[in-house]
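# Structure at a glance
So you can see what is in the structure, the chains are spelled out below.
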Protein chains: 2
Amino acid sequence: METLERIGKNAKAASFETGKLSTAVKNAVLEKAAELLMDNKEEILAANALDLAEGERKGMFSGLMDRLRLNEERLMGMAEGMRQVARLEDPIGSIERSWTRPNGLLIGKMIVPLGVIGVIYEARPNVTSDVFSLCFKTGNACILKGGSDAINSNKAIVRVLRQALVEEKAPENALQLIEDTSRETTKAFMHLDEYVSLLIPRGGAGLIRTVVKESSIPVIHTGIGNCHVYVDEFADLAMAAKIVFNAKTQRVSVCNAEESLLVHEKVAPAFLPLLEETLKEKHVELRADEASAKYLKESVPATEEDWGKEYGDYILSVKTVSSLDEAIAHINHYNTGHSESIITENLPNAQKFLREIDAAAVYVNASTRFTDGFEFGFGAEIGISTQKMHARGPMGLAALTSYKYIIYGNGQIRQ
Amino acid sequence: METLERIGKNAKAASFETGKLSTAVKNAVLEKAAELLMDNKEEILAANALDLAEGERKGMFSGLMDRLRLNEERLMGMAEGMRQVARLEDPIGSIERSWTRPNGLLIGKMIVPLGVIGVIYEARPNVTSDVFSLCFKTGNACILKGGSDAINSNKAIVRVLRQALVEEKAPENALQLIEDTSRETTKAFMHLDEYVSLLIPRGGAGLIRTVVKESSIPVIHTGIGNCHVYVDEFADLAMAAKIVFNAKTQRVSVCNAEESLLVHEKVAPAFLPLLEETLKEKHVELRADEASAKYLKESVPATEEDWGKEYGDYILSVKTVSSLDEAIAHINHYNTGHSESIITENLPNAQKFLREIDAAAVYVNASTRFTDGFEFGFGAEIGISTQKMHARGPMGLAALTSYKYIIYGNGQIRQ
């Protein structure tokens, strides 16, 4: 715990320095880090091989092994990611707006770093360089706690990134890794509120729930998505089938994939057979309520549990509703505040859905798969927030900043 | 606890309704509430008399008794406050910005309510109508936990405000008071994260610390201010004396009052005697370091504890520094992130101070007393945030909102 306290203090001290760095220095660090990542590829891959061997020994699930695995191509991707962040506009120090008060005070809202950002994540070593580059570009120091399964890989990557900081004369403690991955240390990390401004858990629902319950540092929930598409009575059914096919099957494991379909009862007889035909190619299992099952050749009865489920798989729950209001109420009850879409040609229905659905991204006639920092044009993404405080939806660089008011006077005193 | 769970559920359900209310209905509720507050003044004042009698019996400190006391004039102030909020522009539903992506998706960032806001406060019954009007105008439901000392007053006020909601056909549960003011219930309230989006503690440092440590709901810290004025070597000394006099004495009990003075060693010999003369009128006690004491006729030696103290009284700590860097480092170490001011005629020094000081409001040549929602032109204030997440500095209506992305497509699918 003493170490953790020191890590917190180091980060806080470094954050005062990183907040003052010029854009040129920050970019030079990121370019240098990209270069060193490739120069040190043998060392990093050797460290990764240790983690992989340990994973094999423990019988790690193949999907996890794949996330853990690094190779030259993946390292190149990490380096290129850092170069891309270097090319993004630096938001720090810009004045978002300014105004003059009747007493002559000129008030400006200046974008500033948050300070120290903590990130808790699981077995993907690429998150290490990814998170560092976004936090550092926005003038923040960061403290990372990766999964124990990737500890050797993360240590090797962090060593290289810190070398880039040193070589470019930036504070080395702008990046620190918590090497002790024990549960007690992770728990204590969540209470470093004296030093850490923001904690972002990146991982499954279990991790996020634990962090929200335990942390005394403000937390941003990310990446849990029980996303719906609602096919309205006024939908273009061919478009609807194309969108559901895309939202469900284009990449099933991601948080913006569709998990549940709602269909208006008036179009269910025409739409559901068309959709079943479309989805056949991908062997999607349909878990349907009774009203929908009537129009499907093959389906599994949906249970209450299905409505709240993020499958992350080729499975779709299907429910027939008798009104737009019923669809909205169902979504607002079961969703996770991520992405929801209505397919309709009717303007009032589209507007009502946009207004009343409580989610980070609400679509009309488009796939939910677009909820993404790159697709939104932010040029980066540290996660997709499913909460309402501070940042909501895809989080680009702006989500890692705060602001302060700067005020120019010429002797004003309060009356 | 069962009751608390029900209060949470009620608030969440009400928040879906309040989020949809038109500006006209929201304003009508606030106008009606203002009217009913005066129509029911006898009942409210009788309830307040019960609280005052109980306070007297318990030997309550006279400052607290004064905060607790209502009279016709204060009720009129509360009613007028609600009417003022009715006149403010409604931010809900506005599109902050919108842009079109290359694939034709039109993305807009729409301002929406946060949902349910919880407020924990102490003995001022006027906070009840104040907080309700700001939360309700921004389409939020709120749950209030006032101090046990004001429970009869709060119950009477809340009954009247809920009557206004009913009369204007708005959801009554847009406002709920937790009537059980026990410690256990308050603690349980801080864990209603399933229903409450944001918790704002309004009160002393002890209350705020407890809430930050205990709450699993995101918290905004407000109102703790150890504010500094730094008199630079290039200061206009007459202006500096006027500003320090104002920042220290215009109202000593508030969070944006000055608590500590830093003086550059080059101007200390000329400035400190001038300041002492100016402050004499208000009998301000000066707690000075050795270097400053030399230039003061009368002072008390400052201890380490003084640098971190929010006196809220006619006391000022005084320290001489040998550089701007030393002043900045001292402030960033001891301040509470509230308001700091530099007095200087030198542009680079002013800019360095603005850039490097870590606080919600950073001033050049003005009193710290301007950090206030009304003085900033926001037309309202629910508190002054001293943290960096979500909202910083004076919090007007905008601080009680979130946003969602609304996206119009015409069949877009992700490639």
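Residues numbered from 1 in each chain as written. Chains lettered and ligands numbered in written order. Predicted model: local features only at pLDDT ≥ 70, side-chain atom pairs only at ≥ 80, totals over all residues. Heavy atoms only, no water.

What follows is about the interface of chain A and chain B. With 74 residues of chain A in contact, the opposing surface of chain B contributes 74 residues. Taken over both partners, the interface formed by chain A and chain B buries close to 6,200 Å², and the fraction arising from carbon and sulfur atoms is 54%. At the boundary of chain A with chain B, the tally comes to 10 salt bridges. Asp193 of chain B is the salt-bridge partner of Lys213 of chain A, the closest N and O atoms lying 2.8 Å from each other. The tally of links between chain A and chain B comes to 47 residue pairs in polar contact (both at pLDDT 80 or more). Listing elements by their share of the side of chain A that touches chain B, those giving two or more residues are β1 (95–100), β2 (106–113), α9 (205–214), α10 (237–249), α15 (347–356), β13 (361–366), β15 (393–395) and β16 (401–412) of chain A. With 11 residues, β16 of chain A is the single largest residue contributor to the side of chain A that touches chain B. Its residues placed into classes, the side of chain A that touches chain B shows 35 nonpolar, 22 polar and 17 charged. Note: β13 of chain A against strand β16 (residues 401–412) of chain B, five bridges, orientation parallel. Looking at the pairing, Tyr363 of chain A lines up with Ile407 of chain B of β16 of chain B. (Contact = heavy atoms within 4.5 Å. Buried area = accessible area lost by both parts, 1.4 Å probe. Salt bridge = Lys/Arg side-chain N within 4 Å of Asp/Glu carboxyl O. Polar contact = N/O pair within 3.5 Å; in protein donor to acceptor, adjacent residues only side chain to side chain. Helix = DSSP H or I, 4+ residues; strand = E, 2+ residues; numbered from the N terminus. Nonpolar A, V, L, I, M, F, W, Y, C, P; charged D, E, K, R; others polar. Pairing = 2+ DSSP bridges.)

Another point: the packing of helix α2 (residues 23–39) of chain B against helix α6 (residues 126–137) of chain B. All names here are of chain B. Between α2 and α6, the least distance of the axes is 10 Å, while the angle of their chain directions is 170 degrees. On the basis of their axis angle, the class for α2 and α6 is roughly antiparallel. The residues of α6 that touch α2, namely those facing Lys26, Asn27, Val29 and Leu30, are Phe132, Ser133, Phe136 and Lys137. Classifying every residue of the contact of α2 with α6 by side-chain character gives four nonpolar, two polar and two charged. (Axes fitted to C-alpha atoms, helices over the stretch in contact; angles between N-to-C directions. Parallel < 35°, antiparallel > 145°, perpendicular 65-115°, else oblique.)

This part covers the packing of aromatic side chains. All chains considered together, the criterion is met by 16 aromatic pairs over all chains. With 6.3 Å between their ring centres and 85 degrees between their planes, Trp99 of chain A and Tyr405 of chain A make a pair best called edge-to-face. Of the two residues, Trp99 of chain A sits in strand β1 while Tyr405 of chain A sits in strand β16, which places them 306 residues apart along the sequence. Residues Trp99 of chain A and Tyr405 of chain A agree in their burial class; the two are buried. Here Tyr405 of chain A and Phe376 of chain B contribute two aromatic rings whose centre-to-centre distance is 5.1 Å and whose plane-to-plane angle is 85 degrees, an arrangement assigned as edge-to-face. (Phe/Tyr/Trp six-rings, centres within 6.5 Å; stacked < 30°, edge-to-face > 60°. Buried < 20%, exposed > 50% of the residue type's maximum accessible area, 1.4 Å probe, protein only.)

All we've got here are geometric facts, nothing functional implied.
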